[in-house]
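Working through the structure, step by step
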Amino acid sequence: MSVVRKFILCSLLAPACLASAENVLRSAAELTEYIEGTPTSPALFSLTATVTHANSSSEFFFVKDASGVSTLVNPHLDILHAGDIISASGRISFCPVGNAKTDSNSIVKVIGHVAAPPPLRLPIAKLSTRHNYQLVQTEGVIVDVFRDEIDDEDFFMLIADGGHKIPVLIPGPYSLDAIRFLDTKVSVLGILHNRSHAYRTYSGPHISLDGYPTILSQPSESPFNAPPLAFHPILSPAEISNLSRRSVRGHVLAAWEPDNILVLTDNKKPILIKLFALTPLPRYGSYIKAVGYPTTDLFRIN
């Protein structure tokens, strides 16, 4: 689910969004506090800041000033570049539709330029909520690629570094390529979001990818060489989620769209398997070998 696709123009939905604004937000920190909260009325904003990231394919861009970082809408799709110093003013509104926010009739003017701010280079383990809206660069191994269940044009890839993982939102054109790079170590550059502002209020942090990942190293062996999954009843959920890739063999008991199969393993354990994105569903009764990362629903290992 791309953040930029889920922002909704409040002016088209409810007259209440057109109420007069009383507060004036004069810094990036104040703007972010408004966006991340649950405001009940519109607010005016007027600030001068430096563009940290802008993409010609998106109306959203990111800025920073001495107070912190935030995001703004470029209503007329003016050409902006990282390092542009801009003056921005307008109104930002809140509508109770999936926590969607929008700028209305804002004005953005370039008034200067400095060197483009470099990305913040951190390992996954060091990324935190204080890096919200910052351009970050991190690296890890692609351990999963899955289709967004809300916007089926978008995919996420899950990258891992040790026991730490973070989802990375992949723009549609790169999705199929990402699937081919399972187990590849990559470096990714993008904007860190603490959560989605649309329908997934509790989605957690993710990186919105900018461009194409940089390949650092290829996998050294086939993923099907993974050791078999052992069913230990004393493992905690945290221990299960930190297991490396495991394999199972068994017969398919059921398969249903889009990517689920139920398998009876060779040691007579039923296990639910969620298939890699775009993997064809096996037929009922097929004997298969599957590899992946174990999870738990607190009743069983899947």
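Residues numbered from 1 in each chain as written. Predicted model: local features only at pLDDT ≥ 70, side-chain atom pairs only at ≥ 80, totals over all residues. Heavy atoms only, no water.

Scanning the protein for helices and strands turns up four helices and 17 strands. The buried share of the protein, reckoned over its 302 residues, is 42%. Put simply, of all contacts in the protein between residues at least 6 apart along the chain, 59% involve residues at least 24 apart. When the accessible surface of the protein is totalled, it reaches about 15900 Å², and 56% of it is carbon and sulfur. (Helix = DSSP H or I, 4+ residues; strand = E, 2+ residues; numbered from the N terminus. Buried < 20%, exposed > 50% of the residue type's maximum accessible area, 1.4 Å probe, protein only. Contact = heavy atoms within 4.5 Å. Areas by Shrake-Rupley, 256 points an atom, 1.4 Å probe, with all protein chains shown as cover.)

Scanning the entire structure with this criterion turns up one aromatic pair. Considering the side-chain rings of F62 and Y133, the 6.0 Å spacing of their centres and the 40° angle between planes classify their relative orientation as tilted. One end of the pair, F62, is in strand β3 (residues 60-65); the other, Y133, is in the loop between β7 (120-121) and β8 (135-147), and 71 residues separate them in sequence. Assessed through its relative accessible area of 8%, F62 is described here as buried. (Phe/Tyr/Trp six-rings, centres within 6.5 Å; stacked < 30°, edge-to-face > 60°.)

Residues with a pLDDT of 70 or more make up 79% of the protein, whose mean pLDDT is 79. Across the protein, element-level confidence peaks in β7 with a mean pLDDT of 94 and bottoms out in helix α1 (residues 3-6) with 34. Scored below 50 in pLDDT, residues 1-21 shows 55 contacts in the model against residues more than four places distant or in partner chains. (pLDDT = per-residue confidence, 0-100.)

Okay, the pairing of strand β14 (residues 246-256) next. Examined bridge by bridge, β14 and strand β17 (residues 287-292) share six bridges and lie antiparallel to one another. Pairing of V248 across the sheet is with A290, part of β17. The pairing of β14 with strand β15 (residues 260-265) spans six bridges and is antiparallel. Paired with H251 across the strands is L264, a residue of β15. Joining the antiparallel neighbours β14 and β15 is a turn of three residues. (Pairing = 2+ DSSP bridges.)

In this section: helix α2 (residues 28-36). Those residues of α2 lying buried are A28, L31, T32, Y34 and I35. When α2 is viewed along its axis, its buried side chains cluster within an angular range of 160° and face the same direction. (Arc of directions from axis to C-beta.)

Counting residues in hydrophobic clusters, the biggest one holds 22 residues, and the most contacted among them are F45, F61, L72, I86 and I92. Put simply, the parts of the chain that give this core at least two residues each are α2, β2 (43-54), β3, β4 (68-73) and β5 (84-94). For this core, the element with the most residues is β2, which contributes five residues. Among the nonpolar cores identified, the runner-up in size contains 17 residues, and I124, M157, F181 and L192 belong to it. (Core = buried A, V, L, I, M, F, W, Y, C linked by side-chain atoms within 4.5 Å.)

So, about the sheet that holds strand β16 (residues 270-274). Reading across the sheet, the four strands line up as β16-β15-β14-β17 and stay open at both edges, with antiparallel pairing between neighbours. Edge positions in the sheet fall to β16 and β17, since each of these pairs with one other strand and no more. Sheet twist, expressed as the mean angle between neighbouring strand axes with direction ignored, is 50°. (Axes fitted to C-alpha atoms, helices over the stretch in contact; angles between N-to-C directions.)

Per the stated rule, a full pass over the model turns up two salt bridges. We note a salt bridge from K185 to E139, for which the minimum N-O separation is 3.4 Å. Taken together, the residues K185 in strand β11 (residues 185-193) and E139 in strand β8 connect sequence positions 46 residues apart. Using a relative accessible area of 32% as the deciding quantity, one classes K185 as partly exposed. (Salt bridge = Lys/Arg side-chain N within 4 Å of Asp/Glu carboxyl O.)

Glancing now at the pairing of β8. On a regular strand, each side chain points to the face opposite its neighbour's, so the side chains alternate between the two faces of the sheet. The pairing of β7 with β8 spans two bridges and is parallel. Following the sheet pairing, R121 is matched in β8 by Q137. As paired elements, β8 and β11 share seven bridges and run antiparallel to each other. Bridge assignment links V141 to a residue of β11, and that residue is K185. Bridging between β8 and strand β9 (residues 155-161) involves six bridges; their strand directions are antiparallel. By the bridge assignment for β9, D144 is matched with L158.

Another aspect to go through is the environment of S93. Mapped onto the secondary structure, S93 falls in strand β5. On the basis of relative accessible area, S93 is assigned to the buried category, the value being 3%. Each C-alpha atom, one on S93 and one on Y34, is 9.4 Å from the other, the two residues being 59 residues apart in sequence.

Right, let's talk about the side chain of H53 for a bit. Along the chain, H53 turns up in strand β2. Taking the relative accessible area as the measure of exposure, H53 reaches 12% and is therefore buried. Apart from the residues within four sequence positions on either side, H53 is in contact with F61, F62, L135, I191 and D210.

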